Amino acid sequence: MRDSRGEKLFYFLNYVLLSFIAISCIFPLLNVVALSLSGAGAVASGRVTLWPIDFSFSSFKSLFTGTPIMRSFWNSVQITLIGTALSMLVTIMAAYPLSRKQFYSRRFFTMAMVFTMIFNGGLIPTYLVVQNLGLVNSYGALWLPGLVSTYNMLLMRSAFEQLPGEVEEAAKIDGCGETGILMRIVLPLSKPMLATLALFYGVGYWNSFMSVMIYINDTAKYNMTVLVQNMIKSTSMIQDFADPTMLASMTPEGIRSAAVIVMIVPILAVYPLLQKYFVKGVMLGSIKG
Amino acid sequence: MSMLSRLPKLLLISGLVGSMLAGCSNNNPAAGSENATDSGKRASISSTIYDRGAVPNGMGTIEDNMWTKWINENGPANVKFVAIPRWESQSKLNVLLASGSAPDLIFEFGTSIRNQLFDQKQLMPLDDLIEQHSVEYKALMEKYPQLKQAGIKSDGKLYEVGRMNEVYPLVSVFIREDWLQNLGLDVPTTEEEFLAVAKAFTEQDPDGNGVDDTYGVGGFEFGDNSGLFRYIFNANWVNLDENGEIQVGPERLKKEAEFKRALFEAGVVDKDFLSDKDGSKSKQDFLNGKIGIYAFMTNDFLSFASRELDTLMKNVPESRLKVIPLPKTSAGQFNPVWNNPVQMTAVVNARAKEPEAIIKYIDFLVKPEIARTFRYGIEGEHYKLEEDGKPVILDQEKYKNEVSWASDFTMLYSRLEEGKYGYVENQFDEEVPAQKEALRLFRESIDAYMNDLPVGEGLTHSEHMPQLPKELQVKFSNVTAAVHDIYTRAIIGGSNYTVEQAALDAEKQWETGGGPEIISWYEEWWSKEKDNVLIWSDFYEIYQQQQAELKAD
Amino acid sequence: MEIRNAASAARPEGPEIKSKWSGPKWKRFKMNIPLLIMFIPVVLFYVIFRYAPIGGLVIAFKDYNFYDGIINSPWVGFHYFEILFQDPRTLEIIRNTLMLSLLSLVVGFPVPIILAIMLNEVRSMAFKRTVQTIVYMPHFLSWVIIAMLVSTAFAMENGMVNRIVEQITGEAYPFMYEKVSWVAIFVGSGIWKDMGFNAIIFLAALSSINPNLYEAAGMDGAGKLRQIWHITLPGIRPTIILLLILSMGRVMEVGFDQVFMLQNSNVNQIADVISTYIYRIGLQGAQFSLTTAMGLFESLVAFILVFTANYIARRFDQGLW
C-alpha cells in the first residue's frame with residue numbers, strides 16, 4: 001500500500017519527534033556511564049560530562065571487591081523472580097474472578113480493594129502484623145505484604161474484561177470450566193498485559209528498599225538497593241566525626257554511578273524479552289492457531 | 001495450542017515458592033539459641049551495630065565477622081549483633097522498639113533519636129547499675145565528670161554513655177594564599193575586607209588565566225561552606241547573651257542575611273547557589289581552583305587530606321591554602337564550630353534482661369587496649385607498637401580489608417586515653433605530600449580557632465541541645481523553615497525584597513508561629529538546667545586540659 | 001472466528017455474557033465455585049495485610065508512644081488535627097500539594113498515551129524497539145541525578161538554556177527561582193522521567209487492537225489522524241479511564257524526592273508540600289500521631305476524589321465498580 005503525502009509527513013514528523021525524545025533520554029545515562037568509568041579526581045572536580053576522563057574501572061573495582069555486591073545481586077535476583085511469580089499468580093487469582101460477570105459481589109470486592117489503595121495503616125502497624133506472622137527477617141516479609149498491587153490487579157482485570165466474549169463462548173462449547181477458560185483462553189490472549197504487569201512487579205521488587213531495610217535484619221540477605229544506598233549515604237554522615245578512613249578512596253559520585261549501572265543493566269537486559277509481547281499484537285495468532 | 005501443558009510448570013513454581021517460604025520462616029526463631037550452648041554462665045546480650053555496606057567481600061557481614069567473633073571470645077558476655085542501616089537508623093530503631101524486638105544496647109550518634117527514645121520511655125536508667133557493676137566507665141566518669149553531666153536526662157537520671165573526643169575545629173575556612181599574593185592583598189580580618197577580597201578574587205582574574213571564571217567565595221545554601229556565614233555572625237536561634245542569659249529568636253539572622261546579600265550583589269558567589277543541592281558544584285569549583293574562600297568540614301583531616309586536598313593539589317598544583325580566622329563583624333568575632341568533646345553514643349533498652357552483663361560489656365568496650373583493636377587491629381598481626389607507643393600499621397592492604405570498616409565498634413573509645421598517639425596531630429604520615437600539607441593546615445586551624453572567642457554556633461554544640469516537647473518542636477521546625485525562606489528571598493530579592501522587610505516578616509512569622517511559647521520553654525529550661533548543660537566555655541576548658549596532658553606526655 | 005470491532009473493544013459488558021448468568025441461581029453458584037476457591041487467598045491477603053494494619057490509624061486520635069503501644073496509648077481526640085490546622089502554613093502546604101499534583105496530572109496524563117501512540121505508528125521494528133528501550137530508562141535514574149542535570153541545564157551562569165536566552169534577550173533568566181518557570185520545570189521533569197515507563201501500559205493495551213481495523217479504515221480513505229481518533233483511542237479507552245480514576249487517588253501525593261531535590265528557598269512558598277512537611281517535622285523525633293493525622297486527612301481527600309470520579313465514570317458505564 002502506498003502512503004499518501006499526508007501519511008508521509010505524519011511518519012516523518014513522528015520519527016523526528018521520537019528521535020528527539022530518545023536523545024533527551026539517553027544523555028543522562030551517558031553521563032552516568034561516563035562518571036562510572038572516570039578517575040576519582042576527574043569525578044570529584046566535576047569535569048566529566050558525556051565521555052569518561054582518566055578512564056578507569058576503579059569505581060567498579062571498589063564496588064565489586066570492596067563490598068558484597070555480588071551476594072546482594074543474587075539476593076535481588078531471588079527476591080525479584082520469586083516475588084514476581086508469586087505476585088502474578090495471586091494477581092491473576094484476584095483479577096480473573098472479578099472480571100467474570102457472574103461472580104458474586106464483584107462490586108463490593110473491587111470497592112473494598114480500591115479502599116485499601118487510599119487508606120493504609122502505615123509502617124508500624126504493618127510491621128506488627130508481619131512480626132506476628134513470624135515473617136521478620138525472611139523474604140516472606142518482602143513478598144507477602146505487597147503481594148497484590150491493587151493498581152496492577154485492576155489493570156489486569158480490565159484487560160480480561162476486554163477480551164471478546166465470543167472466544168470463551170467457543171471454549172464453553174468445547175467443555176471448558178472456569179479454570180480451563182482462564183488457562184486456555186484468557187491468559188494466552190492477555191500476554192501483553194501479563195508481560196507489562198510482570199515488568200511492573202519485577203521493577204518494584206528489584207528496587208525495593210524500605211521494606212528490605214525494615215524487615216530484614218540479617219545483612220547477608222540485603223538486596224542491592226539497600227547495600228548501595230547505605231554505602232552512598234553513609235559517606236556523607238557528618239555526625240560520626242570521630243573515626244576516619246572509612247571509604248576514603250571512593251568518590252560517592254563514582255560509586256553511585258557504577259551502582260546505577262549495575263542496578264539498571266539487568267532491567268535493560270530483561271526488557272527486550274518482555275518487549276516482544278507488546279510490540280505487536282498476539283491476539284490474532286493465538287486464536288487462529 | 002494448549003495452555004494446559006503449562007499448568008504443571010506453574011504448580012511446580014508455586015510449590016517451590018511454598019517450600020522456600022517455609023524455609024525462610026524457619027530461620028527466625030533460631031536466633032536466640034545459637035549462643036546459649038557456649039557456656040552455662042556467660043550472659044547473652046544483644047547490641048546494635050551500624051551497617052554502612054562497607055564490609056569487603058569475603059569478610060562476612062557487619063553482624064557476623066572476625067571482630068564479632070573476637071568480641072564473643074574475649075568479651076565478658078555473648079553478644080548478638082543487630083545491624084542498623086546507618087542512613088535509616090531512625091526508622092529501623094523505631095520498628096524494632098515498637099515491636100519489642102530492639103537489642104539491649106543501642107548505639108546511636110543522633111541526639112534527637114536518643115532523646116525521642118527517652119520520651120517514649122524506652123531507656124533504662126544506669127546510675128545504680130554503673131555504681132554497682134562498672135569499673136572502667138565509672139573511673140572514666142570520675143575522671144571526666146562531664147560524661148555524667150551530658151548523660152543525664154530531664155528526670156535527673158543517667159541514661160546515656162559515651163566517649164571523650166579531642167576538641168578541635170570541625171570547620172576550617174581556607175583562602176587561596178597564592179591568589180592573595182598574585183593580587184597583592186592581605187588576609188581579610190573584617191567583614192568589609194572579606195567582601196573586598198572576595199570581590200577582587202572574582203573580578204581581578206586571580207589565577208591569571210585571562211578568563212573571568214572565578215568566584216570569591218563558595219555557595220551559601222548547602223554543603224560544607226553553608227555554615228560559614230552563620231559562624232561569622234553567630235546567627236543562631238538559641239544563644240547565650242553577655243549576661244549569661246538565654247536568648248531565643250530570629251534576631252541574629254538579620255546581619256548574616258545583610259552580609260550574604262552584599263556578597264550576592266557584588267557577584268562574588270555563584271548565582272545558582274540555591275540549586276546546588278548538596279554543595280557539590282561549589283566544592284568542585286573550589287577543587288578546580290575557581291573559588292578563593294571556602295569552608296570545609298574538617299572533622300577528619302586525614303580523609304580531607306586523601307580526598308579534597310589531594311584532588312586540589314593535583315588539579316591546581318600552584319594552589320596554596322591558608323586557614324584564616326573568621327572576620328570581625330558588627331556582631332562581634334567568633335570561632336567556627338568545634339568537635340563535641342563529650343559525645344553520647346549509647347543507651348540501654350528498658351526491656352534489657354541482663355543489665356549487669358551490659359554494663360560489663362560497656363566496660364569492655366571502654367578499655368583503651370580493647371577499643372584500640374577495632375581501630376588498629378590485632379597487635380602483631382595488623383599493627384605494631386613502636387618503642388614510644390606509636391602504633392604502626394604493618395600491611396596497609398590487609399588493614400584496609402580486615403580492619404578499616406570496624407570502626408563502629410569503637411563508639412565508646414575515648415582515644416585520648418591512649419596518650420599522645422591518640423591525638424589527631426600525631427596521625428599524619430608526613431611521607432605523603434597531601435598529608436604533610438594537611439598537617440600544616442591542621443596546625444593553622446588550631447592556631448586560628450582554638451581560643452577563647454565565643455563559638456558562632458549559638459548556645460552549645462547541637463548534640464547538647466535539649467529536645468523541645470513534640471508540639472513545640474513542630475512549631476519550631478516550621479517557623480525556622482519559614483524564616484529561612486524569608487531571608488533567602490531577601491538575599492537574592494534585589495529591590496523587590498529588602499533585608500529590612502524580611503526582618504519584619506521574620507519577626508511576624510516568629511510571633512505567630514509559636515515564638516513566645518518557644519522562648520518561655522527555653523527560658524524555663526535554662527533557669528533549671530544551666531548548671532548541668534555543657535556549653536562552649538566548658539569545651540574550651542576541656543580543650544586546655546587536653547592540651548596540657550599532651551604537653552605533659 | 002469473528003473478530004471484534006472497535007466498538008466492542010470499548011464496551012465493557014456484552015449482551016452475550018449477560019444472557020449466561022440470567023439462568024437459575026444454582027447454575028450461577030456452580031459456576032462460582034472455582035472462582036470462589038481461587039479468590040480465597042486473595043481475600044485472606046487483603047484482610048491480613050491491608051485491613052488489619054488499618055486499625056493502626058487510630059493513633060491519629062491518640063498520643064502514641066512505644067511504651068503503651070497502639071492500644072494503650074492515651075486518647076487525645078482531634079488534638080493532632082487541631083495542631084495541623086492551626087498552623088498557618090498547613091493550608092498553604094495543602095494548596096501547594098494540590099496545585100502541583102493536579103498540574104502534573106492534567107499536563108502529564110496524556111503524554112504517555114501520545115508517546116505510546118507515536119511508538120505504535122512506527123513501522124521500523126528496530127527503531128521502535130530502540131526508542132522504546134531508551135525512553136524507559138530515565139525512570140530508573142534517581143531524582144538526585146535528574147535534579148543535578150536539571151539545575152545544570154537551567155543554571156543562571158553557563159546553563160545550556162540560559163546561554164540561548166542570553167543570545168536573544170541579553171540577560172539570563174532565573175528559571176529555577178521564579179515561581180512560574182519553576183513549576184514548569186517541576187512538572188516537565190516529572191513527565192520526562194516517567195513518560196516512557198508509563199507508556200508501557202498503553203502499548204500493551206494498543207497491542208490488542210486488531211490491525212485489520214486499520215486496514216479497513218485505510219481502504220475507506222481515513223487519514224492517519226482520523227484512524228488514531230476513531231480506532232486507536234477508543235481501543236484503549238477503558239485503560240485510560242481506569243488510570244485516570246486511579247490517579248485521582250494520588251492527588252494528595254507529591255513524590256518527596258522530586259520536590260525535595262528541586263525546591264529552593266525562593267520558591268518554597270509554592271513548593272512546600274505535604275511530603276516535605278512530614279519530612280521536616282518527622283526529622284526531629286518520630287511524631288507518629290501527627291503524621292498519621294496528616295496521612296488520614298490526605299486519604300480522606302483522595303477517597304472523596306476517587307469515589308466521585310468513579311461515580312461520574314459509572315454514568316458512562318466505565319466505572320471500576
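Structure shown above.
Just so we're clear, the structure is a prediction, and the values are computed from it rather than from any experiment.

Chemist: Quick question: what am I supposed to make of the overall build of chain C here?
Modeler: Scanning chain C for helices and strands turns up 18 helices and 0 strands. For chain C, the C-alpha radius of gyration of 25 Å lies well beyond 20 Å, the compact-globule estimate for 321 residues. Along the three orthogonal principal directions, the C-alpha set of chain C runs to about 65 × 65 × 30 Å. Put simply, chain C has 321 residues, and 54% of those count as buried. Within chain C, contacts between residues at least 6 apart in sequence are counted, and of these 66% link residues at least 24 apart. Of the charged side chains in chain C, 25 are positive and 21 negative; the average position of the first set lies 14 Å away from that of the second.

Chemist: Where do I start with the overall build of chain B in this structure?
Modeler: What chain B contains, in helices and strands, is 22 helices and 13 strands. In summary, chain B has a C-alpha radius of gyration of 27 Å against a globular reference of 24 Å for 553 residues, a match within 12%. Seen through its principal axes, chain B has C-alpha atoms that stretch 80 × 75 × 60 Å. Counting only residues that meet the buried cut, chain B has 59% of its 553 residues in that class.

Chemist: I tried to follow the side chain of C:Ser299 on my own but got confused; where do I start?
Modeler: Take C:Ser299: it is sitting in helix α18 (residues 288–315). Ignoring sequence-local partners within four residues, the contact set of C:Ser299 consists of A:Ile118 and A:Phe119.

Chemist: Explanation requested: the sheet that holds strand β9 (residues 291–297) of chain B in the structure shown.
Modeler: Sheets are built from strands that pair by backbone hydrogen bonding, the pairs being arranged parallel or antiparallel. Residues and elements named next belong to chain B. What the 4 strands build is an open sheet, ordered β6-β9-β5-β10; its pairing is mixed. Either end of the sheet is taken by a strand with one partner, and the two such strands are β6 (215–217) and β10 (321–323). The average undirected angle you get between the axes of adjacent strands in this sheet is 35°. By the bridge criterion, 5 bridges tie strand β5 (residues 171–176) to β9 in an arrangement that is antiparallel. Each bridged residue has a counterpart across the sheet, and for Ile175 the counterpart in β9 is Ile293. Strand contacts of helix α13 (residues 280–287): β5, β6, β9 and β10, with the helix running at about 120° to β9, the strand carrying the most contacts.

Chemist: Looking at this structure, how should I read a nonpolar patch on the surface?
Modeler: Together, A:Leu133, C:Ile40, C:Val43, C:Leu44, C:Val47 and C:Ile48 give the surface a local cluster of nonpolar side chains, amounting to about 470 Å² of exposed area. Checked against the element boundaries, C:Leu44 lands in helix α3 (residues 25–54). The class for C:Leu44 is partly exposed, based on a relative accessible area of 49%.

Chemist: Even after reading the chapter, I still don't get the interface of chain A and chain C, so can you show me in this structure?
Modeler: The accessible area lost on association of the parts is a frequent measure of interface size. Facing 99 residues of chain A, the contacting portion of chain C comprises 97 residues. For the pair chain A and chain C, the two sides together bury roughly 9200 Å², of which 74% comes from carbon and sulfur. Counting every contact that joins chain A to chain C gives 14 residue pairs in polar contact (both at pLDDT 80 or more). Of all the elements, helix α1 (residues 5–36) of chain A adds the most residues to the side of chain A that touches chain C, at 17 residues. Here the residues of the side of chain A that touches chain C are counted per class, giving 66 nonpolar, 18 polar and 15 charged.

Chemist: What am I meant to see in the pattern of salt bridges here?
Modeler: It is possible for side chains of opposite charge to pair when their charged atoms get near one another. Residue and element names in this part refer to chain C. Taken as a whole, this structure holds 34 salt bridges over all chains when the rule is applied. Lys224 is the salt-bridge partner of Glu121, the closest N and O atoms lying 2.9 Å from each other. With Glu121 in the loop between α7 (110–120) and α8 (125–135) and Lys224 in helix α13 (residues 224–235), this pair connects stretches of sequence that are 103 residues apart. The class for Glu121 is buried, based on a relative accessible area of 5%.

Chemist: Would you explain the environment of C:Phe260 in this entry?
Modeler: Position of C:Phe260 among the secondary structure elements: in helix α15 (residues 256–262). When the C-alpha positions of C:Phe260 and C:Gly223 are compared, they lie 46 Å apart, and in sequence the two are 37 residues distant. Those residues within four positions of C:Phe260 in sequence are excluded, and the remaining contacts are B:Lys277, C:Thr276 and C:Tyr279.

Chemist: Please clarify how the pairing of strand β1 (residues 44–51) of chain B should be interpreted in this entry.
Modeler: On a regular strand, one side chain projects to one face of the sheet and the next to the other, so that they alternate. Along β1(B), 7 of the 8 residues are buried, which leaves the element largely enclosed by surrounding structure. One crossover worth recording links β1(B) to the parallel strand β2 (residues 78–85) of chain B by way of helix α3 (residues 66–74) of chain B, and it is right-handed.

Chemist: Looking at this structure, I do not really get the packing of α13(B) against helix α14 (residues 301–315) of chain B. What am I missing?
Modeler: For any two helices packed against each other, the geometry comes down to the angle between their axes and how far apart the axes lie. Residue and element names in this part refer to chain B. The geometry of α13 relative to α14 is characterised by a closest axis approach of 9 Å and an angle of 50° between their N-to-C directions. Accordingly, the angle class assigned to the pair α13 and α14 is oblique. Of the residues in α14, those in contact with Lys283, Phe286 and Leu287 of α13 are Glu308, Thr311, Leu312 and Asn315. A breakdown of the residues in the contact of α13 with α14 according to their chemical character gives 3 nonpolar, 2 polar and 2 charged.

Chemist: Explanation requested: unusual backbone geometry in the structure shown.
Modeler: Although it is not a glycine, B:Lys121 sits at a positive phi angle of roughly 60°. Relative to the helices and strands, B:Lys121 is located in the loop between α5 (111–119) and α6 (127–133). Of note, C:Asp317 is a non-glycine position whose phi angle comes to about 60°, a positive value. With respect to the helices, strands and loops of the structure, C:Asp317 is situated in the segment after α18. We classify C:Asp317 as exposed; its relative accessible area is 56%.

Criteria and cut-off values
- Residues numbered from 1 in each chain as written.
- Chains lettered and ligands numbered in written order.
- Predicted model: local features only at pLDDT ≥ 70, side-chain atom pairs only at ≥ 80, totals over all residues.
- Heavy atoms only, no water.
- Helix = DSSP H or I, 4+ residues; strand = E, 2+ residues; numbered from the N terminus.
- Rg over C-alpha atoms; globule rule 2.2 N^0.38 Å.
- Buried < 20%, exposed > 50% of the residue type's maximum accessible area, 1.4 Å probe, protein only.
- Contact = heavy atoms within 4.5 Å.
- Lys, Arg positive; Asp, Glu negative; His and termini not counted.
- Charge placed at Lys NZ, Arg CZ, Asp CG, Glu CD.
- Pairing = 2+ DSSP bridges.
- Axes fitted to C-alpha atoms, helices over the stretch in contact; angles between N-to-C directions.
- Patch = residues over 30% accessible without salt bridge, like charges linked within 9 Å, V, L, I, M, F, W, Y side chains within 5 Å.
- Areas by Shrake-Rupley, 256 points an atom, 1.4 Å probe, with all protein chains shown as cover.
- Salt bridge = Lys/Arg side-chain N within 4 Å of Asp/Glu carboxyl O.
- Buried area = accessible area lost by both parts, 1.4 Å probe.
- Polar contact = N/O pair within 3.5 Å; in protein donor to acceptor, adjacent residues only side chain to side chain.
- Nonpolar A, V, L, I, M, F, W, Y, C, P; charged D, E, K, R; others polar.
- Right-handed = clockwise from strand over helix to strand, strands pointing away.
- Parallel < 35°, antiparallel > 145°, perpendicular 65-115°, else oblique.

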